[in-house]
Amino acid sequence: MLNKNNSNLSFIIFIVIGLFFALSLNIAANQELTADEIIDRVKENQAERKNSKTQAEMLLIDQDGKEESREIIMFEQEEDDDKITMLMRFLSPRSVEGVTLLSIENGDKIYLYMPAYQKPRRIAGSSKQENFMGTDFSYEDLSMDYQNDDYEKGLLDETGEQYILQIIPGDEDLSYSKFILYVNKEQFYVEKVEFYDLDDTHTKTLEIQEVEFDEEGKFTPMKIQLSNLLDNHKTRMDIKEIEYDLDLPSGFFSIRTIQRPVL
Amino acid sequence: MKFNRYLISAVLIVLMVNITCFQAMAFNFSQKLLYEGSYLENNGKFSNSLTLTVDYFHDITSDLFLEGDLVIRATNEQYGDPFIIGPNEIYVSAYDVIDNLDIRAGKIVTRWGAADMFSPLDNFNPAPPGISFTKNQGKLGAFGVSASYYINYLTYIQAVLVPNLEVTPYPDQYLKDTYFATYSPIYQTQGYTINNIELSYQVPENIIWGLRLNHSFSSFDAGISYYKGNYMDPFPADLKLIPGNGGTNMEIKIGYPARQVIGLEFQGDFPGVEGATLRGDLAYIVPEKWEFQGENILDNPYFKAIVSADYTTDTNLYLNGGFIYGMPFERGEDCSPYLYLNVNKELEKSNLEPFYIGILSLKDLSIGNVVGLDYKISESVSTSFSYLFALGDSESKLGVLKDSQGLYFSIEWLF
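The structure reproduced in this document is the subject of the present report. None of these values were measured; they are calculated from a predicted model.

Description of the overall build of chain A
Here is step 1 of the chain: Helix and strand counts for chain A stand at 4 helices and 13 strands.
Here is step 2 of the chain: Residues classed as buried in chain A amount to 29% of the 263 residues present.
Here is step 3 of the chain: Here the analysis covers contacts within chain A between residues at least 6 apart in sequence; of these, 42% occur between residues at least 24 apart.

Right, here's the structure in full:
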């Protein structure tokens, strides 16, 4: 009996010590993480796909809480140099139906197709700060990569649940001076991004309100909200359906495609 | 020729219905109901029109579509048909007919040129009569084929063919009144009293065609083009006076001179000016020599151009300004320089968007102005109220707008 109790006690102590040791190692490992390593972990947790097709509902919410709903379809592709190329079309309501945005390689080239004009319009890079079709997303926001390897990153703070990182783009073409990222400590995904303009004023906040994880632990944001703090306006995107690794024809992301009636 | 066009429209509509029935697939429909009202100060006349536009498309296969619209319009305007029904566009669009070749065939609108308005390169489709200051000028469909071949995703070549010239549909009575106002005083001094005007039209039946090569460079897109066709506005070709009882009849033959247009268009970053998009169209026009009553109306080649810049300020004020050489109503040596400005801003915490559009003639300093207010009542209903006025004498370049001076109102419902 005594032997058995001793044996059980030894086992419990072993487990507790083991857990403590493992936890200590984990905490130590996490504490040692640099900002770059945290971003790397976030990138590891992102689904690595060559492209994606997303159908979503976009809600525009004004300062009085009044909502306008828009349906969108969006195709994204990561290019060889990690730049994002994106094509987005409004499916409803009627006032914006068919309006299509093509952003090539992080917005190096931006085209807008409006059915009423019956021809694609190129948007100059310098107009990227303009809001896209009444949303709080500027052309620049839609094509930006906050986790760009070239941006300067620093760990500002850390709470029980989040790492707080500062990203300084140092990109003269960008209209933001810095981003503050809130990274979920347990699951390594970005929960919130604060945008600061060139005067260092906090102007926008992007929140990932809902994520889904696949079997491999890769996450997909399913509900995103961008709040414009200057006019208290919000844009929320609820992902309805997302497909990965589509067999898109070469040249899909082109002005040819944005003129098609069906994508 | 008119009958043929109606016949083609009817055949296309029947074809459209048949395809739908046979395939038991629904069309995608959307509608727009538009009321437009105006009060013109010079004649104290109210005009109203109600237009229902039904847009549709049908995917026959994933690369083959039937697209079009149906326009039903009723109006009490001084000139023109009080009731119109028919498609402005109805066509089949096919993608990858052969690799990288897309085709549209039927009653189509083909837009060339980078400029938002008054592009001298946009010549395949007639515009409705009169000059419009609106941000996007509507065009009337023309039967033809447009084929675009994509050499790669940066470069494409486009060919457009229109078998018959489609002309701007000026109402007969409008032309008669205009010619009467122009020639009656002249002949009155010679002892002729004009009491009637007869018009006859000489519409050329040559094929209209054009080629355009477009390439996307890193900071701008550019295209070169060639158009061979005709002017779409009427030119007087011959005038005869026929003595009659109690006065003189005037017979005017109307023609549409041929022209070739060599074009250059570009749009993209404004070099050195942050925050602006540059768009420009340059046209070198070679007209058919055209004489009327011994006077050369068209003779030598001439240029037309429009260069504009878009800019949005931090306060969301949209500015679009530019330089125009040659308005749509000017040709040959009549072409003259203008500046234009288009400003609008959506007011914070409201759905109100005041706007101003102004054009200044640099030749005689006459100005055409539109001040107005757009209001979005809901996501699907919007309204616009504006006042158009012209500064300058009635003989000045933009003095012609004095006839249109007045109040304009519209309300649009999308469903």
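Let's pick the thread back up.
A closer look at the interface of chain B and chain A
Here is step 1 of the chain: At the junction of the two partners, chain B supplies 31 residues and chain A supplies 25 residues.
Here is step 2 of the chain: Of all elements in the fold, only strand 2 (45-61), strand 3 (64-75), strand 14 (258-269), strand 15 (276-287) and strand 18 (302-312) of chain B reach the threshold of two or more residues within the side of chain B that touches chain A.
Here is step 3 of the chain: If one sorts the elements of the side of chain B that touches chain A by residue count, strand 14 of chain B sits on top with 3 residues.
Here is step 4 of the chain: Considered class by class, the residues forming the side of chain B that touches chain A number 10 nonpolar, 10 polar and 11 charged.

Let's talk about the sheet that holds strand 9 (residues 194-202) of chain B
Residues and elements named next belong to chain B.
Here is step 1 of the chain: The sheet built from 3 strands is open, its strands ordered 9-13-12 with mixed pairing. Two strands close off the open sheet at either side, each with one partner strand: strand 9 and strand 12 (235-244). Strand after strand, the sheet turns through a mean of 20° between neighbouring axes, direction not considered.
Here is step 2 of the chain: Pairing geometry for strand 12 and strand 13 (residues 247-255), over 9 bridges, is antiparallel. Within strand 13, the residue paired with F235 across the bridge is G255.
Here is step 3 of the chain: Contacts from helix 2 (residues 172-189) reach strand 9, strand 12 and strand 13 within the one sheet, and its direction differs from that of strand 9 by about 125°.

Some thoughts on the pairing of strand 7 (residues 152-158) of chain A
Here is step 1 of the chain: Of the pairings in the sheet, the one linking strand 7 of chain A to strand 8 (residues 162-168) of chain A comprises 6 bridges and is antiparallel in character. By the bridge assignment for strand 8 of chain A, E152 of chain A is matched with I168 of chain A.

Comments concerning the nonpolar core
Here is step 1 of the chain: In this structure, L87, L102, Y111, L181 and V183 of chain A are the most contacted members of the largest nonpolar core, which totals 44 residues.
Here is step 2 of the chain: Ranked by residue count, the leading element in this core is strand 9 (residues 176-184) of chain A, at 5 residues.
Here is step 3 of the chain: Formed by 23 residues, the second largest nonpolar core is a distinct cluster that contains M117, I324, Y338 and L401 of chain B.

Criteria and cut-off values
Residues numbered from 1 in each chain as written. Chains lettered and ligands numbered in written order. Predicted model: local features only at pLDDT ≥ 70, side-chain atom pairs only at ≥ 80, totals over all residues. Helix = DSSP H or I, 4+ residues; strand = E, 2+ residues; numbered from the N terminus. Buried ≥ 20, exposed ≤ 12 C-beta atoms within 10 Å, placed from the backbone. Contact = placed C-beta atoms within 7 Å. Nonpolar A, V, L, I, M, F, W, Y, C, P; charged D, E, K, R; others polar. Pairing = 2+ DSSP bridges. Axes fitted to C-alpha atoms, helices over the stretch in contact; angles between N-to-C directions. Core = buried A, V, L, I, M, F, W, Y, C linked by C-beta atoms within 7 Å.

Distances and angles like these do not, on their own, reveal function.
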